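# Understanding the architecture of this molecule
Okay, here's what each chain looks like letter by letter:
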Amino acid sequence: MLGTLLIVSGPSGSGKTTLCRRAEKDGLTCYSISCTTRQPRPGEQDGVDYHFLTQEDFAAKVAAGEFLEHATVHGNSYGTLKSDIIDLLQAGRNVVMDIDVQGAASIRRCEDAIIRRAYADVYIHVPSAELEARLRGRQTDAEEVIQLRLRNAAEEDARQGEYQYALVSADRESDYTRFTALLRTLGMRTSLS
Ligand code: 5GP
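All of the points below concern the structure found in this document. (Residues numbered from 1 in each chain as written. Predicted model: local features only at pLDDT ≥ 70, side-chain atom pairs only at ≥ 80, totals over all residues. Heavy atoms only, no water.)

## Some thoughts on the site of the ligand
For clarity, the cut-off: Neighbouring residues are identified by heavy atoms, a residue being near a molecule or strand if any of them is within 4 Å of it. By the criterion applied in these results, polar contacts are pairs of N or O atoms within 3.5 Å in which, for protein atoms, one can donate a hydrogen and the other can accept it, and in which residues neighboring in sequence qualify only through two side-chain atoms. Every accessible area reported is derived by Shrake-Rupley at a probe size of 1.4 Å, with residue values counting cover from the shown protein chains alone. In the cavity and pocket records, a cavity denotes points on a 1 Å grid over the protein atoms alone where a 1.4 Å probe fits but cannot get out, a pocket denotes an open set with protein on both sides within 12 Å along at least 5 of 7 lines, and lining residues are residues with an atom within 4 Å of a point. Grid points define the cavity or pocket, and a molecule sits in it when more than half of its atoms lie within 2 Å of them. The secondary structure listing takes helices from DSSP runs of H or I that are at least 4 residues long and strands from runs of E that are at least 2 residues long, numbered from the N terminus. Just so you know the grouping, Ala, Val, Leu, Ile, Met, Phe, Trp, Tyr, Cys and Pro go in nonpolar, Asp, Glu, Lys and Arg go in charged, and all remaining residues, Gly too, go in polar.
By nearness alone, 17 residues border the ligand, and R38, Y50, E69, Y78 and D100 come closest of all. Within the side chain of R41, one N or O atom sits 2.9 Å away from an oxygen atom of the ligand. Within the side chain of Y50, one N or O atom sits 2.5 Å away from an oxygen atom of the ligand. Within the complex, the protein chains bury 95% of what would otherwise be the 510 Å² of accessible surface of the ligand. Placement of the ligand is best described as lying within the largest pocket. Counting only elements with at least two residues in the shell around the ligand, the list comes to β5 (67-73) and β6 (76-81). Residue composition of the shell around the ligand, by class: five nonpolar, five polar and seven charged.

See below:
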């Protein structure tokens, strides 16, 4: 029995990372740690939040074909290493990937049979006024970064229809209840057996 590969996208501030991390903590899934060239935020740890790479190291992994997908998001490179994901799925473990709309689109085009059978995706949608309030409340990003993220959110929302599922964000607990219900339901797909 294969595990489920659940791609989770949504704008910064949608709470998608929190949902994925909490499901991991509760033993429902593994979290795929991405590589990025962006600088760590205060409190972020290498190998836990991301694998923080230099531009040169990232480019070398692209050249070596080590990424399942990679994309430029908010001016930085992000990518997911292929190796871990397929091994986990074959061992029957669920994997959640917190990636942007471009990354999701490229995994949808992936021809690997395991990825195709295990694949599912969900878009976390947040009404725009609520999203702005959340980004400001976080107090981690500069004003120009917040403005860039709001513009990107509008573009990402326009691609919500590409996803199989949409979760309209309400509050933390309700979001988590629906998210874990989705994970459990996806685990019942006949494509996994
Ligand atoms: P942040 O820098 O705020 O942690 O993430 C910025 C954006 O990059 C988010 O939309 C996040 O989902 C996306 N992201 C994180 N890891 C990956 C990845 O491996 N591939 C892609 N395509 N996007 C990613």
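## Examining unusual backbone geometry
Of note in the backbone geometry, H74 takes a positive phi value of approximately 50 degrees without being a glycine. For H74, the location among the structural elements is in the loop between β5 and β6.

## Focus on the pattern of salt bridges
For the record, the criterion: Salt bridge, as used here: a side-chain nitrogen of Lys or Arg that lies within 4 Å of a carboxyl oxygen of Asp or Glu. Note on exposure labels: buried denotes an accessible area under 20% of the residue type's maximum, exposed denotes more than 50%, and partly exposed covers the range between, all computed with a 1.4 Å probe on protein chains only.
A complete count under the given rule lists 14 salt bridges for this structure. Residue R108 is joined to D121 by a salt bridge in which the shortest nitrogen-to-oxygen separation is 2.9 Å. In this pair, R108 sits in helix α4 (residues 101-108) while D121 sits in strand β8 (residues 119-125), placing the two residues 13 residues apart along the sequence. The partly exposed category is assigned to R108, whose relative accessible area is 24%. Taken together, the shared-partner salt bridges connect R38, R41, E44 and D141 into one network.

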